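Descriptive analysis of the structure
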Amino acid sequence: MIHQFSLNGCHITVDVYSGAVHVTDEMGMLAIQLCESLPKEEVKKALLAKGLDGEAIGQTLEQIEGLKKEGQLYAPNVFEQNASCFQKRQGEIKALCLHVAHTCNLTCSYCFAAQGRFHGQSALMSFDVAKKAIDFLIQNSGKRRHLEVDFFGGEPLLNMDVVRQTVTYARSKEKEFGKVFRFTITINGMFLDDELTEYFNQEMDNVVLSLDGRKEVHDRFRVDAFGKGSYDMIVPKFQRFVKKRGDRSYYIRGTFTHHNPDFFEDIRHMVDLGFRELSMEPVVTSPGDPSALTKDDMPIVFEAYEKLAKYLIDLNKAGKPVRFYHFNLDLENGPCLYKRIVGCGSGSEYLAVTPWGDLYPCHQFVGDASYKMGNLDEGITRPDLQADFLETNLFSHSECKDCWAKFYCSGGCAANNVRASGSLQGIYKEGCDIFRKRMECALMMQAAMDEEN
Amino acid sequence: MKIKTLKTRDLRDSIKNGGCGECQTSCQSACKTSCGVANQPCENKE
């Protein structure tokens, strides 16, 4: 299977089952397309009819033949026959999302976590529960050396004492069990100060800072209990944080909604504010919500991705590189096939822990009792549910079968799939469209930067 | 007409040298709301 597209003057062919990416001119792309289904002589005839030089055609067809022999064009699908071996995973856990605070100092109406309470009671996780979670992770991680813990909420800074105690406790176990912990935290910035920045620089592998972009966009949703926007409070704090962060990892992470499908302008605003590591995500909400993206928004969203890709190329050329998370693509050192087939690992390698110690497949399922998988005292009490997640992979989604981007997306987000289709094996079609557009932009950037080098 | 092939990790080779599981969970890295498996590099130096 091949996928061909043209964007920003680049003509690109993706060979789906080898992962090869070919950059051509327009006629080269046509030749590759014709060679997939027509005999060589007919291809030659068709290209001659386009007024192309016979010698050039001959050389191109030879090159295509060579790529075919090397297995880099029209590669067959040799993976699906091994699908069953990916369905027998053991469920070693390598990552936990610790919901240290089911409460928040902001009241963003678009929040998928229902203002941090996840459709339940406000609560803070005790150190006792957090400690059990670390023990649970170590005990269930098998041979995995790198373990991840994300402090999440709500607003985790409302329970910072427990965050610190948990980090200290986990670090004290690293040597004994031969593990290395990687901590991350997602914050809204209201309580951020120099002392916390210092601590994060020592202990947090990554810090995600929530900012939606332009002031009027950010303050539309991200307000405190009195309805006051948070932009003026957090932006100077984030700028100070980023200066002190040095070359350590962080992401300024925004949400775009029906009110700003032209989110490119928000990204540009973030760059103007001095931020260099950016992520911008479509809102997660029910279709009837006023903030939900509509069908009419999609062309604007796609245009925003294209504008963004061109803008990032220009910034790179000017020596001011900016990274946009969903355009990150390391073709030479990308994920292995195993990772591409099993996806994010929710419900198998990755679990969320509530303040009470209940276990869910991931942070987005928290609050839906039908997806409660167990708790820290008893472990997994719903082996049937765990089995459902273990058996969910790229090949279990029948609708992904003919999609060119499947080895980039791995079947998508389980929570989004369930929300959109009612089934783990279903898909979230609008999410697929957005993902494919992102990948075309990311591949175009790779081609453009390769040309540049 | 010209065809340039970008340097890419071959998916089939990664059957043999992949699957160590030491890479970062994609959803933990930046977005928390939409998966980006391909956006996470492999961390196995081997």
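Note that this is a predicted model, so its numbers are computed, not measured.

**Remarks on the packing of helix α10 (residues 264–272) of chain A against helix α11 (residues 298–317) of chain A**
Residues and elements named next belong to chain A.
- Running from amino to carboxyl end, α10 crosses α11 at an angle of 25°, the nearest separation of the two axes being 9 Å. Our classification of the angle between α10 and α11 gives roughly parallel. Residues Phe264, Ile267, Arg268 and Val271 of α10 lie in contact with α11, whose contacting residues are Ala304, Lys307, Leu308, Tyr311 and Leu315.
- Of the residues that constitute the contact of α10 with α11, the class distribution is seven nonpolar, no polar and two charged.

**What to know about the nonpolar core**
- Core analysis: the largest hydrophobic core is formed by 134 residues, its most contacted members being Phe151, Phe200, Met204, Leu211, Phe275, Phe327 and Tyr408 of chain A.
- Looking at which element gives the most residues to this core, the answer is helix α16 (residues 429–452) of chain A, with eleven residues.
- In contact with Met204 of chain A, other than residues within four places in its own chain, are Phe151, Val163, Val167, Phe183, Thr184, Ile185, Tyr199 and Arg245 of chain A.
- Counting residues in hydrophobic clusters, the runner-up holds 15 residues, among them Ala31, Ile57 and Leu73 of chain A together with Ile3 of chain B.

**Some thoughts on the pattern of salt bridges**
Residues and elements named next belong to chain A.
- For the structure on display, the rule yields 21 salt bridges over all chains.
- One salt bridge in this structure joins Arg268 and Glu265, with 3.0 Å as the shortest N-O distance. A residue pair is termed a helical-turn pair when its members lie 3 or 4 positions apart in one helix, as Arg268 and Glu265 do in helix α10 at three residues.
- A relative accessible area of 25% means that Glu265 is categorised as partly exposed.
- A single network of salt bridges, built from pairs that share partners, joins Asp128, Lys132 and Asp377.

**Digging into the environment of Ser286 of chain A**
Residues and elements named next belong to chain A.
- Along the chain, the position of Ser286 falls in the loop between β10 (277–282) and α11.
- A relative accessible area of 43% means that Ser286 is categorised as partly exposed.
- Linking Ser286 and Phe112, residues 174 residues apart in sequence, is a C-alpha distance of 9.3 Å.

**Things to note about the confidence of the model for chain A**
- Averaged over every residue, the pLDDT of chain A is 92; residues scoring 70 or more account for 97%.
- The least confident element of chain A is helix α4 (residues 83–86) of chain A, whose mean pLDDT is 62; the most confident is strand β13 (residues 358–360) of chain A, at 97.

**Some words on the confidence of the model for chain B**
- Chain-level statistics for chain B give a pLDDT mean of 77 and a share of 72% at 70 or above.
- By mean pLDDT, helix α2 (residues 26–29) of chain B is the weakest element of chain B at 70, and strand β1 (residues 3–6) of chain B is the strongest at 92.

**Topic: the packing of aromatic side chains**
All names here are of chain A.
- Within this structure, the stated rule accounts for 21 aromatic pairs over all chains.
- Ring centres 5.9 Å apart and planes at 75° place the aromatic pair Tyr17 and Phe407 in the edge-to-face group. Taken together, the positions of Tyr17 in the loop between β2 (10–15) and β3 (21–24) and Phe407 in helix α14 (residues 406–409) put the pair 390 residues apart, joining distant regions of the chain. Both residues of the pair, Tyr17 and Phe407, belong to the buried class.
- Look at Trp404 and Tyr408: their rings are 6.2 Å apart centre to centre, the planes differ by 65°, and that puts the pair in the edge-to-face class.
- Owing to a relative accessible area of 6%, Tyr408 belongs among the buried residues under this scheme.
- What links up through ring pairs into an aromatic cluster is the set Phe256, Phe263, Tyr305, Phe324 and Phe327.
- Seen from the ring of Tyr199, Arg164 lies directly overhead, with NZ or CZ sitting 4.7 Å from the centre.

**Observations concerning the pairing of strand β4 (residues 95–102) of chain A**
All names here are of chain A.
- Across the eight residues of β4, eight count as buried, placing the element largely inside the fold.
- In terms of strand pairing, β4 meets strand β6 (residues 146–153) through six bridges, oriented parallel. Opposite Leu98, over in β6, you have Phe151 as the bridge partner.
- Sheet topology places β4 next to strand β12 (residues 350–353); four bridges connect them, and they run parallel. The partner of Leu98 across the bridge, within β12, is Val353.
- Bridging between β4 and strand β5 (residues 123–124) involves two bridges; their strand directions are antiparallel. Paired with Ala101 across the two strands is Leu124, which belongs to β5.

About the thresholds
Within any chain, residue numbers begin from 1 and follow the written order of that chain's sequence. Chain A is the first chain written and ligand 1 is the first ligand written, with later ones labelled in order. A pLDDT threshold of at least 70 governs which residues receive local features in this predicted model, and a stricter bar of 80 or more applies before side-chain atom pairs are shown or counted, although totals over entire chains, interfaces and linings include all residues. Note that the side-chain values use all heavy atoms of the structure and ignore hydrogens as well as water. Simply put, an axis is a line fit to the C-alpha atoms, just over the touching stretch for a helix, and the angle between two N-to-C directions goes from 0 to 180 degrees. Secondary structure elements follow DSSP: runs of H or I of four or more residues count as helices, runs of E of two or more count as strands, with numbering from the N terminus. Convention used here: angles under 35 degrees read as roughly parallel, angles over 145 as roughly antiparallel, angles from 65 to 115 as roughly perpendicular, and any remaining angle as oblique. When checking whether two residues touch, look at their non-hydrogen atoms; a contact exists if any pair is within 4.5 Å. For this classification, Asp, Glu, Lys and Arg are treated as charged, while Ala, Val, Leu, Ile, Met, Phe, Trp, Tyr, Cys and Pro are nonpolar and the rest, including Gly, are polar. Here, nonpolar core refers to any group of buried Ala, Val, Leu, Ile, Met, Phe, Trp, Tyr and Cys residues whose side-chain atoms link them within 4.5 Å. Burial status follows relative accessibility: with a 1.4 Å probe on protein chains alone, a residue under 20% of its type maximum counts as buried, one over 50% as exposed, and anything between as partly exposed. Just to be clear on terms, a salt bridge is a Lys or Arg side-chain nitrogen sitting within 4 Å of an Asp or Glu carboxyl oxygen. Scored from 0 to 100, pLDDT records how confident the predictor is in each individual residue. In summary, the pairing rule links any two rings of Phe, Tyr or Trp, Trp by its six-membered ring, whose centres are within 6.5 Å, and it sorts them by plane angle into stacked for under 30 degrees, edge-to-face for over 60 and tilted for everything else. Two thresholds decide whether a charge sits over a ring: the Lys NZ or Arg CZ must be within 6 Å of the ring centre and within 35 degrees of the ring normal. Paired strands, in this sense, are two strands between which DSSP finds at least two bridges.

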